[in-house]
Amino acid sequence: MESSGGGSFLRKRRLENFFNADSSPSVERPPKIVAKEEVRQRPRTNEYVDDDGWVSALVSYVRIMACFLTMIVTTFIWALIMLVLLPWPYERIRQGNVYGHVTGRLMLWILGTPIKIEGTEFSNKRAIYISNHASPIDIFLIMWTPTGTVGIAKKEIIWYPLFGQLYILANHLRIDRSNPTAAIQSMKEASIFLFASLSGPLSSLLTCYTSHSQAAHAVVRNNLSLIIFPEGSRSKNGKLLPFKKGFVHLALQSRLPIVPIVLTGTHRAWRKGSLHVRPAPLTVKYLPPIRTDDWVADKIDSYVKMIYDIYVRNLPESQRPL
């Protein structure tokens, strides 16, 4: 009887421990299970970034090769168009923009990256468009700028097969980045050189220079816009790099408003120095124009910081500077 009563008592204690929410076994087990589940689920949030399997790599290489072949075809077609339009510099600029619209959209369609565009009401203004730069995909995205937009790139772009030669034929600008002072001066001279050539004969493309005021009048007369990467080079990890001052000098000369373009996700979709394209979602956000008609030359550093701070506020935490 005593042993039976003791067994009953022990069974009762086990049942109490089983249903008791304050008992130590029931408290310690769930956190361990949750922790394991979190560890298993964590990679899934960035699966499009870390998927480096051979199948994904093979698909990526095929897409890049398709992009390269597409660019060869479209570049060859528009190079012929540019040669026909040699006597008309302004028409070559417009055709260069049409080439960018067609080629840029084809490239992104081939790469298969989903895109969200915001602020499109600011995307067709006559302005100086600036953009952060962290991926080769950025080039394809800024190709969608309005017709009549002139690009500014490093002088070495002329050596890029086909694309570099088309860039020159499209009457876009080149600058020397090896020396900051020389880069600013070459940007000033290049803008004067281009805008003056729009109303002159073909020979003016090589020899014609004019004053800053005449260049500004040419911008107004021909309804041109500009596009530039103020960082000067691509960011390796997507984080915003310091801005150079060239775009402010252009604003002081032309008095055009500045329209910031904020690109997010491109560094995940195609990293600098990599040949692996991932289907990361991209966002292109046009911000409201910033007036420059009252800017003065002795506040250049303040203007650069103001625009830079706008990007810091609009970029996600992962792309903000350290």
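Residues numbered from 1 in each chain as written. Predicted model: local features only at pLDDT ≥ 70, side-chain atom pairs only at ≥ 80, totals over all residues. Heavy atoms only, no water.

Draft legend 1. Local environment of the environment of Gln319. Mapped onto the fold, Gln319 is located in the segment after α13 (300-314). Here Gln319 falls in the buried class, since its relative accessible area comes to 1%. Taking the C-alpha atoms as reference, Gln319 lies 7.8 Å from Thr264; in sequence the two are 55 residues apart. Filtering out sequence-adjacent residues up to four positions away, Gln319 remains in contact with Asn132, Gly238, Lys239, Leu240, Leu263, Thr264, Gly265 and His267. (Helix = DSSP H or I, 4+ residues; strand = E, 2+ residues; numbered from the N terminus. Buried < 20%, exposed > 50% of the residue type's maximum accessible area, 1.4 Å probe, protein only. Contact = heavy atoms within 4.5 Å.)

Draft legend 2. Examining the packing of helix α4 (residues 54-84) against helix α5 (residues 89-111) more closely. α5 packs onto α4 with a crossing angle of 165 degrees between their chain directions and a minimal axis gap of 10 Å. With respect to α5, the element α4 is oriented roughly antiparallel. Handedness of the α4/α5 crossing: right-handed. Contact residues: Arg63, Ala66, Cys67, Thr70, Met71, Thr74, Thr75, Trp78, Ile81 and Met82 in α4; Arg92, Gln95, Gly96, Val98, Tyr99, Val102, Thr103, Leu106, Met107, Ile110 and Leu111 in α5. Taken together, the residues of the contact of α4 with α5 break down into 13 nonpolar, six polar and two charged. (Axes fitted to C-alpha atoms, helices over the stretch in contact; angles between N-to-C directions. Parallel < 35°, antiparallel > 145°, perpendicular 65-115°, else oblique. Left-handed = near helix turned anticlockwise from the far one by under 90°. Nonpolar A, V, L, I, M, F, W, Y, C, P; charged D, E, K, R; others polar.)

Draft legend 3. Highlighting the UniProt feature "transmembrane region" (unreviewed entry) in the chain. Residues given the UniProt feature "transmembrane region" (unreviewed entry) here are residues 61-86. The span residues 61-86 is 92% helix and 0% strand, and its two end C-alpha atoms sit 36 Å from each other. (UniProt positions renumbered as here; feature names shortened; annotations may be inferred.)

Draft legend 4. Broad picture of the sheet that holds strand β2 (residues 128-131). Strand order in the open sheet made by the seven strands is β1-β7-β6-β2-β5-β3-β4, with mixed pairing throughout. On the outer flanks of this sheet lie β1 (115-118) and β4 (173-175), each paired with one strand and no other. Each adjacent strand pair in this sheet contributes to an overall mean axis angle of 20 degrees, direction not counted. Packing of helix α11 (residues 246-254) onto the sheet brings it into contact with β2, β3 (149-154), β5 (225-228) and β6 (258-264), and relative to β2 it is tilted by some 170 degrees. Relative to β6, α13 is tilted by about 35 degrees, and along the sheet it contacts β2, β6 and β7 (282-286). (Pairing = 2+ DSSP bridges.)

Draft legend 5. Molecular detail of the confidence of the model for the chain. The pLDDT averaged across the chain works out to 75; a share of 69% of its residues lies at or above 70. Mean pLDDT across the elements of the chain ranges from a minimum in helix α9 (residues 204-207), with 30, to a maximum in α13, with 96. For residues 9-50, every residue scores under 50 in pLDDT, and the model assigns this stretch 13 contacts once sequence neighbours within four places are set aside. Between residues 196-216, whose pLDDT stays under 50, and residues either more than four places distant or in other chains, the model counts 34 contacts. (pLDDT = per-residue confidence, 0-100.)

Draft legend 6. Geometry of the packing of aromatic side chains. Counted by the stated rule, this structure contains six aromatic pairs. Here Tyr129 and Tyr286 contribute two aromatic rings whose centre-to-centre distance is 6.4 Å and whose plane-to-plane angle is 90 degrees, an arrangement assigned as edge-to-face. Separated by 157 residues along the polypeptide, Tyr129 in strand β2 and Tyr286 in strand β7 bring together distant segments of the chain. By the burial criterion, Tyr129 is buried, and Tyr286 matches it. Consider the rings of Phe243 and Tyr311, whose centres lie 5.4 Å apart with planes at 80 degrees: the pair is edge-to-face. Here Tyr311 lies in helix α13 and Phe243 lies in the loop between β5 and α11, a separation of 68 residues in the sequence. (Phe/Tyr/Trp six-rings, centres within 6.5 Å; stacked < 30°, edge-to-face > 60°.)

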